[in-house]
Amino acid sequence: MIELGMPTRRPRVSRQVMVGGVPVGGGAPVSVQSMTTTPTHDVNATLQQIAELTASGCQIVRVAVPTQDDADALPEIARKSQIPVIADIHFQPRYVFAAIDAGCAAVRVNPGNIRKFDDKVGEIARAAGDAGVPIRIGVNAGSLDPRLLEKHGKATPEALVESALWECSLFEEHGFRDIKISVKHHDPVVMIAAYRRLAARCDYPLHLGVTEAGPLMQGTVKSAVAFGVLLAEGVGDTIRVSLSAPPVEEVKVGIGILESLGLRQRKLEIVSCPSCGRAQVDVYRLAEEVSAGLEGFPFPLRVAVMGCVVNGPGEAREADLGVASGNGKGQIFVKGKVIKTVPESRIVETLIEEALRLAEEQPQ
Ligand code: SF4
């Protein structure tokens, strides 16, 4: 084998916590989470969004708990959600106890803005320990503990890590170690430095996130770069992509990042060329229509959609299914062999038919 110098994932040895039925850390597969955008006290809307997230592949969901009405909604949401629910608590330690009593699978606290948090750690540790509920210590650059902001001048990697480990030490004093940590920053470079530092200094499982990453395109690029670097180094046990976009998009991007790193088996992969002056077919349209027609395909399938005969036959032959286009026609490949040639207008429907036929042949 030729050594290409690519980083390989050597999982960092982290302890494991259970978020409901989902193991996080300790060598468990990296899980994908998101957060609802509905008012949590609107139970029906929140459960509806959780159902959509579950269908998109989300494994853990977080809900914000800013008011008593939201805290009151937690028991029903925790009971009816198909995936583990994490309560996200800022400012009010009493909601932490409400979330534990409500049956939430975990609680996220932000040490920077829970009033009198340090004084309450003993009580929280006892309640969480008795209920078997892990705590995420979620440090965020935008709400760093004022004491550390003053000490470090701004939210540096050192400041983020110091905040997280300080809070961990308070829990550890009470014998509580059922913890996972995040140290989020909007700048991937700072975020990567913070997580590397944190990973070297503790064995808690790490929740990766680039906070306030931006709209879909920018947030996807930032998260893919930051998570890609860290996960390739074996750092990171669960991920949340933060986007100014519907949460289902966060899940799709998160799953795509894991698939691209080989940390999760890819289902549908479209290998399509970028098109160029040689293209004899509208590659963009073909790739879009084939992607849309096969969205949610339940088995691993690589489909090559190529614009001409330069690389077309080669890529199409390597894929499970493919088309090499030219002269208003498409040569359809299945498992490396040309099975037919169809007019351009029938390329998409033929690829979809063949994909469904391959699916039927899958062992059940
Ligand atoms: S496959 Fe053909 S059309 Fe597509 S980029 Fe390559 S040369 Fe251009």
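Everything numeric in this text was worked out from a predicted model, so none of it was measured.

What counts and what doesn't
Residues numbered from 1 in each chain as written. Predicted model: local features only at pLDDT ≥ 70, side-chain atom pairs only at ≥ 80, totals over all residues. Heavy atoms only, no water. Domains from an automatic or database assignment. Pairing = 2+ DSSP bridges. Helix = DSSP H or I, 4+ residues; strand = E, 2+ residues; numbered from the N terminus. Axes fitted to C-alpha atoms, helices over the stretch in contact; angles between N-to-C directions. Contact = heavy atoms within 4.5 Å. Near = heavy atom within 4 Å. Nonpolar A, V, L, I, M, F, W, Y, C, P; charged D, E, K, R; others polar. Disulfide = S-S within 2.5 Å. UniProt positions renumbered as here; feature names shortened; annotations may be inferred. Buried < 20%, exposed > 50% of the residue type's maximum accessible area, 1.4 Å probe, protein only. Core = buried A, V, L, I, M, F, W, Y, C linked by side-chain atoms within 4.5 Å. Phe/Tyr/Trp six-rings, centres within 6.5 Å; stacked < 30°, edge-to-face > 60°. 1 Å grid on protein atoms, 1.4 Å probe; cavity = no way out; pocket = protein on both sides within 12 Å on 5 of 7 lines; lining within 4 Å. Points joined across faces, edges and corners; volume = space filled by probe spheres on them.

1. Regarding the domain arrangement of the chain
And step 1. What the domain assignment reports for the chain is domain 1 (17-261) and domain 2 (268-361).
And step 2. The distance between the C-alpha centroids of domain 1 and domain 2 comes to 40 Å.

2. Focus: the sheet that holds strand β12 (residues 301-306)
And step 1. Taken in spatial order, the five strands of this open sheet run β11-β12-β13-β14-β15, and their pairing is mixed. Bordering the open sheet on either side are β11 (268-272) and β15 (337-343), each of which pairs with just one other strand. Across the sheet, the mean angle separating the axes of adjacent strands is 20° when strand polarity is ignored.
And step 2. Judged from the five bridges that link them, β11 and β12 form a sheet pairing that is parallel. By the bridge assignment, E269 is partnered in β12 with R302.
And step 3. Packing of helix α10 (residues 283-293) onto the sheet brings it into contact with β11, β12 and β13 (321-326), and relative to β12 it is tilted by some 160°.

3. Examining the site of the ligand
And step 1. Neighbouring the ligand are the residues C273, P274, S275, C276, R278, A279, M306, G307, C308, V310 and N311.
And step 2. Tallied by class, residues from the shell around the ligand come to seven nonpolar, three polar and one charged.

4. Remarks on the state of the cysteines
Two cysteines joined by a covalent bond between their sulfur atoms form a disulfide.
And step 1. Across all of its chains, the model carries zero disulfides by this definition.
And step 2. C104 provides the cysteine sulfur closest to C58, a residue in no disulfide bond, and the two sulfurs are 15 Å apart.

5. A look at the UniProt feature "binding site: [4Fe-4S] cluster" (unreviewed entry) in the chain
And step 1. As recorded in UniProt, the sites labelled "binding site: [4Fe-4S] cluster" (unreviewed entry) are C273, C276, C308 and E315.
And step 2. When you line up the elements, C308 lands in the loop between β12 and α11 (312-318).
And step 3. For C308, a relative accessible area of 13% gives the class buried.
And step 4. The residue E315 is located in helix α11 in this model.
And step 5. The residues contacting E315, other than those within four sequence positions of it, are V271, A304 and M306.

6. Describing the nonpolar core
And step 1. By size, the foremost hydrophobic cluster in this structure holds 76 residues, and its most contacted members are V107, I135, F171, I181, V183, M191 and F227.
And step 2. Counting residues per element, this core draws most heavily on helix α6 (residues 157-173), which supplies eight residues.
And step 3. Once you skip the residues sitting within four places of it in the chain, I135 turns out to touch V107, V109, I124, A128, F171, F176, D178, I179 and K180.
And step 4. In this structure, A316, V348, I352 and L358 belong to the second largest nonpolar core, which totals 28 residues.

7. Here we look at the packing of aromatic side chains
And step 1. According to the stated counting rule, one finds two aromatic pairs in the structure shown.
And step 2. Ring geometry for F171 against F176: centres 5.6 Å apart, planes inclined by 45°, an arrangement best described as tilted.
And step 3. Overall, F171 belongs to the buried group, its relative accessible area being 0%.
And step 4. Note on F176: relative accessible area 5%, which makes it buried.
And step 5. When the ring of F297 is compared with that of F299, the centres are 6.4 Å apart and the planes differ by 75°; the resulting orientation is edge-to-face.
And step 6. Among the residues examined, F299 registers a relative accessible area of 21% and is labelled partly exposed.

8. Some thoughts on the layout of surface pockets
And step 1. There is about 900 Å³ of room inside the largest pocket.
And step 2. Those elements that provide at least two residues to the lining of the largest pocket are α9 (247-260), β11 and α10.
And step 3. With six residues, the single largest contributor to the lining of the largest pocket is α9.
And step 4. When grouped by side-chain class, the residues that make up the lining of the largest pocket number six nonpolar, seven polar and seven charged.
And step 5. In this structure, the second largest pocket encloses a volume near 340 Å³.
And step 6. If you go around the second largest pocket, you meet 22 residues; those closest to its centre are N140, T211, E212, R240 and S242.

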